[in-house]
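Next come the chains, spelled out residue by residue.
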Amino acid sequence: MVVETAALIGLTAEPVPELESTLTCQRADGSDGVSYLLHKVVDVALPDVRAGVDQVGQFWTDMGYEVTERDIGGATVLSGRAPSGAVIELYAGPGGTTISGETLCATAEGRRSGA
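This one's a predicted model, so the numbers in the text were calculated from it and none came from an experiment. (Residues numbered from 1 in each chain as written. Predicted model: local features only at pLDDT ≥ 70, side-chain atom pairs only at ≥ 80, totals over all residues. Heavy atoms only, no water.)

## Some words on the environment of Glu89
Heads up, the rule is: Comment: elements are numbered from the N terminus, with helices defined as DSSP H or I runs of at least four residues and strands as E runs of at least two. In what follows, residue pairs with any heavy atoms lying within 4.5 Å of each other are defined as contacts. Under this definition, polar contacts are N or O atom pairs within 3.5 Å; protein pairs additionally need one hydrogen-donor-capable and one acceptor-capable atom, and for neighbouring residues in sequence, both atoms have to be side-chain atoms.
Structurally, Glu89 is set in strand S6 (residues 87-93). Considered as a pair, Glu89 and Ser100 are 11 residues apart in the sequence and their alpha carbons are 5.4 Å apart. Beyond its immediate sequence surroundings of up to four residues, Glu89 is in contact with Trp60, Arg70, Val77, Leu78, Ser79, Thr98, Ile99 and Ser100. Of note is the side chain of Glu89, whose polar atom sits 2.8 Å from the side chain of Ser79. At 2.9 Å, the side chain of Glu89 forms a polar contact with the side chain of Tyr91.

Written out as structure tokens, the structure reads:
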């Protein structure tokens, strides 16, 4: 989903692989689980941040994600949560654009799955 989102808004940077270490998370039942960072894309500022954010928001909504938006330090942050629990975020502002994601919180025996 990270790569597809980047292509949608015309970002051309190659994904920056994250460390393959597991992240500890708490599952809804209170048990410990694991999740994984997905590849991250970092690129230049969008020519029209508002249009890009709106386009990505609609794309994620159409894919079944719950989408929220907030502003942090002059950048717009769009967050999407898949029905599976995986998350993806878009940071877009005058300094550049970043897209990153994290898989759902699985049991320790679970397998990786993309956002």
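## Some details on the pattern of salt bridges
Under the convention used in this document: Any carboxyl oxygen of Asp or Glu within 4 Å of a side-chain nitrogen of Lys or Arg constitutes a salt bridge here. Partly exposed describes any residue whose relative accessible area lies between the buried limit of under 20% and the exposed limit of over 50%, with all areas from a 1.4 Å probe on protein chains only and scaled to the type maximum.
Counted by the stated rule, this structure contains three salt bridges. The salt bridge partner of Arg50 is Glu69, with a shortest N-O separation of 2.9 Å. With Arg50 in helix H2 (residues 49-62) and Glu69 in strand S4 (residues 66-72), the pair connects residues that are 19 residues apart, well separated along the chain. For Glu69, a relative accessible area of 42% gives the class partly exposed. Bridged by salt links that share partners, the residues Arg50, Asp54 and Glu69 form one connected network.

## Focus on the state of the cysteines
Quick note on the threshold: Any cysteine sulfur atom paired with another within 2.5 Å is treated as part of a disulfide.
Evaluation of the coordinates by the stated rule reveals one disulfide. Here Cys25 engages in a disulfide with Cys105; their sulfurs sit 2.0 Å apart. Residues Cys25 and Cys105 are joined through a disulfide that is right-handed, its torsion about the S-S bond being 100°. One end of the pair, Cys25, is in strand S1 (residues 23-26); the other, Cys105, is in the segment after strand S7 (96-102), with 80 residues separating them in the sequence. When its relative accessible area of 16% is taken as the criterion, Cys25 is described as buried.

## Remarks on the pairing of S6
Rule in force here: Should DSSP find at least two bridges between two strands, the strands are taken to pair.
Judged from the six bridges that link them, strand S5 (residues 75-81) and S6 form a sheet pairing that is antiparallel. Looking across to S6, one finds that Ser79 is bridged to Glu89. In this antiparallel pair of consecutive strands, S5 and S6, the connection spans five residues, and Gly85 shows a positive phi of 105°. Here S6 runs beside S7; their pairing, made up of seven bridges, is antiparallel. Across the sheet, residue Ala92 finds its bridge partner in S7, namely Thr97. What sits between S6 and S7 in their antiparallel hairpin is a turn of two residues.

## Regarding the side chain of Thr76
As for its position among the elements, Thr76 is in strand S5. Setting aside anything within four residues of it in sequence, one finds Thr76 in contact with Val49, Val53, Glu69, Arg70, Asp71, Leu90, Tyr91 and Ala92.

## Here's the deal with the nonpolar core
A general feature of soluble globular proteins is that nonpolar side chains tend to end up buried together. Our working rule: Within this scheme, the nonpolar core is defined by two criteria: the residues are buried Ala, Val, Leu, Ile, Met, Phe, Trp, Tyr or Cys, and they are joined through side-chain atoms within 4.5 Å.
Grouped together as the largest cluster of nonpolar side chains are 19 residues, with contacts concentrated most on Ile9, Leu11, Trp60, Ile88, Leu90 and Ile99. Counting only elements with at least two residues in this core, the list comes to helix H1 (2-8), H2 and S6. Setting aside its immediate chain neighbours within four residues, Trp60 contacts Met1, Thr5, Tyr65, Val67, Leu78, Ser79, Gly80, Ile88, Glu89 and Leu90.

Nothing here speaks to function; it is geometry throughout.
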